[in-house]
Amino acid sequence: MEADGYRCRSSRALEGGESALPSSLLFGAGLLGNLLALFLLGQRRLRRGRPPPASAFYLLVSGLAVTDLLGKCLLSPMVLVAYARNRSLSELWPAGAAAAGGQPGRLCQLFAFLMAFFGLAPTLLLLAMALECWLSLAHPYFYRRHLPRRRAAALLAPAAAAAAALCALFCALPLLGFGATVQYCPGTWCFIRMAGGAAPARGYSVLYASLLGALGLAIGLCNLASMRSLYRMARRPHRRSGPPAGRAPAAPRMEELDHLVLLALMTVLFTVCSLPLIVRAYVGAFAADFNEKADLTALRFLSVNSIVDPWVFIIFRTSVFRKFLHRVCRRLNSKKATTPQLL
């Protein structure tokens, strides 16, 4: 039977030979990284005395750190408890009579929902950051008029709440019958069923993977458009007297360049971490490939994204990295200035 392809789908105890040490280290790294990222974000504003209203990019980066931290604090304790009690997630909170038929337990279903939600929600935040960066560079007048600092929080709050509600509804579809969840070996992972099953289960896994891929593509296109705008700004001739009143400066501001580089690094990280899951979902949907080792690797890659994200931000905020980035930019600008223009 197709259902028998998942070796640990009905396991009550954890598969032997697995250690809780990797999960504990990943949880500690994710917790420490996100707390440090939030501390650096708060310290930056407190150093200014009476700080101005937070920019949209600052709010989105803070929201990304809070989302990653919340995901780690909700998911990792379930895994550690399963290791401590040597019981699978389905066994820790079974689904009553349905558990006898091999259905995932309630805790397993909750874990799968949270995994799907916290895999998708940071991607939406990255897309919002990419759109914000592109608007600020390509359409600065529109951006300053419709998304000023003093109104950023008021405008972003309802949009974020609506996006979170839609994301939660989409990730809850397997609980409502469209799609299916399954317990993966060694019994500490539950996620969307990515191989075999009925048509709704295969369709949902492909839909989830396609949505991740489409969001990643949109983020990449926004980043490319932002880079193009920065390149155009850098090629404009500098004026000694400065730009006219009410006009945007010709040369790109370092703050915008910082935002773009940070966003590009996080986008590359997201692509690397989500691509294995996208591939596995398509392969499993059309070939019924029950390769649990590959599925587990894809799930681990997806979970690593929220661990590495804050450390990318922390490294980026160090003075050494920023000085190196600014030195490279100044060197490129000096080479451009000394290069004779061909008429």
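So, how was this worked out
Residues numbered from 1 in each chain as written. Predicted model: local features only at pLDDT ≥ 70, side-chain atom pairs only at ≥ 80, totals over all residues. Heavy atoms only, no water. Helix = DSSP H or I, 4+ residues; strand = E, 2+ residues; numbered from the N terminus. Buried < 20%, exposed > 50% of the residue type's maximum accessible area, 1.4 Å probe, protein only. Core = buried A, V, L, I, M, F, W, Y, C linked by side-chain atoms within 4.5 Å. Contact = heavy atoms within 4.5 Å. Axes fitted to C-alpha atoms, helices over the stretch in contact; angles between N-to-C directions. Parallel < 35°, antiparallel > 145°, perpendicular 65-115°, else oblique. Left-handed = near helix turned anticlockwise from the far one by under 90°. Nonpolar A, V, L, I, M, F, W, Y, C, P; charged D, E, K, R; others polar. Disulfide = S-S within 2.5 Å. pLDDT = per-residue confidence, 0-100. Phe/Tyr/Trp six-rings, centres within 6.5 Å; stacked < 30°, edge-to-face > 60°. Expected span 1.5 Å × (residues − 1). Pairing = 2+ DSSP bridges. Salt bridge = Lys/Arg side-chain N within 4 Å of Asp/Glu carboxyl O. Polar contact = N/O pair within 3.5 Å; in protein donor to acceptor, adjacent residues only side chain to side chain.

Caption draft 1: Molecular detail of the overall build of the protein. For the protein, the count of helices and strands is 10 helices and two strands. Traced from its N-terminal end to its C-terminal end, the protein shows the element sequence α-α-α-α-α-α-β-β-α-α-α-α. By the burial criterion, 43% of the 343 residues in the protein qualify as buried.

Caption draft 2: Spatial organisation of the nonpolar core. Core analysis: the biggest nonpolar cluster contains 75 residues, and F111, M129, C171, F191, Y208 and L277 have the highest contact counts within it. At 19 residues, helix α4 (residues 106–138) tops the list of elements feeding residues into this core. In this structure M129 touches F57, L60, V61, L64, L263 and M266, once residues within four positions along its chain are discounted.

Caption draft 3: Spatial organisation of the packing of helix α2 (residues 56–85) against α4. Closest axis-to-axis distance for the α2/α4 pair is 10 Å, and the angle between their directions is 165°. In terms of orientation, α2 and α4 fall into the roughly antiparallel class. Where α2 crosses over α4, the two elements pack in a sense that is left-handed. A class-by-class count of the residues in the contact of α2 with α4 yields 22 nonpolar, three polar and two charged.

Caption draft 4: Seen up close, the state of the cysteines. Under the defined criterion, the tally for this structure stands at one disulfide. The side chain of C108 participates in a disulfide bridge whose partner is C190; the two sulfur atoms lie 2.0 Å from each other. Given an S-S torsion of about -110°, the disulfide between C108 and C190 has left-handed geometry. Highlighted residues: C108 in helix α4 and C190 in strand β2 (residues 189–192), separated in sequence by 82 residues. Each member of the pair, C108 as well as C190, is classed as buried.

Caption draft 5: Up close: unusual backbone geometry. Residue P186 is bonded to the preceding C185 through a cis peptide linkage, with omega at 10°. Structurally, the position occupied by P186 is in the loop between β1 (181–184) and β2. A positive phi is found at N86, a non-glycine position, where the angle reads about 55°. Following the sequence through the fold, N86 ends up in the loop between α2 and α3 (89–92).

Caption draft 6: Up close: the confidence of the model for the protein. Mean pLDDT over the protein works out to 76, with 78% of the residues at or above the 70 mark. Model confidence for the protein, summarised as mean pLDDT per element, is weakest for helix α10 (residues 319–338) at 58 and strongest for α4 at 87. In the model, residues 239–252 has pLDDT below 50 throughout and makes 20 contacts with residues more than four positions away in sequence or in other chains. Residue range residues 339–343 is modelled with pLDDT below 50. Its contacts to residues more than four positions away, or to other chains, number one contact.

Caption draft 7: Spatial organisation of the packing of aromatic side chains. Under the definition given, this model contains seven aromatic pairs. Look at F178 and Y204: their rings are 6.0 Å apart centre to centre, the planes differ by 90°, and that puts the pair in the edge-to-face class. Residue F178 is located in the loop between α6 (149–171) and β1, and its partner Y204 is located in helix α7 (residues 199–235); the two are separated by 26 residues in the primary sequence. The exposure class assigned to Y204 is buried, which follows from its relative accessible area of 0%. Note on F191 and Y208: the rings are 5.9 Å apart at their centroids and 80° apart in plane angle, and the pair reads as edge-to-face. Separated by 17 residues along the polypeptide, F191 in strand β2 and Y208 in helix α7 bring together distant segments of the chain. An identical accessibility class is assigned to F191 and Y208; each is buried. Through pairs of rings, three or more aromatic residues link up here, namely F170, F178, F191, Y204 and Y208.

Caption draft 8: Inspection of α4 at higher detail. Look at α4: 48 Å from first C-alpha to last across 33 residues, which is about the 48 Å you get at 1.5 Å a residue. Counting buried positions along α4 yields 24 of 33 residues, so the element is predominantly enclosed.

Caption draft 9: Fine view of the pairing of β2. Of the pairings in the sheet, the one linking β1 to β2 comprises four bridges and is antiparallel in character. Directly across from Q183, in β2, lies its bridge partner C190. Remark: four residues form the turn of the hairpin made by β1 and β2, two consecutive strands paired antiparallel; G187 in that turn has positive phi of roughly 110°.

Caption draft 10: Region of interest: the pattern of salt bridges. If you walk through the whole model with that rule in mind, you get one salt bridge. For D295, the salt bridge is made with R280, and the minimal N-O distance between the two is 2.7 Å. With D295 in helix α9 (residues 292–317) and R280 in helix α8 (residues 254–287), this residue pair connects regions lying 15 residues apart in the sequence. In terms of burial, D295 and R280 fall into one category: buried.

Caption draft 11: Up close: the side chain of S62. For S62, the position within the fold is in helix α2. At a separation of 2.9 Å, a polar atom in the side chain of S62 contacts the main-chain carbonyl oxygen of Y58. If we skip the residues at most four places from it in the chain, S62 touches L38 and L41.

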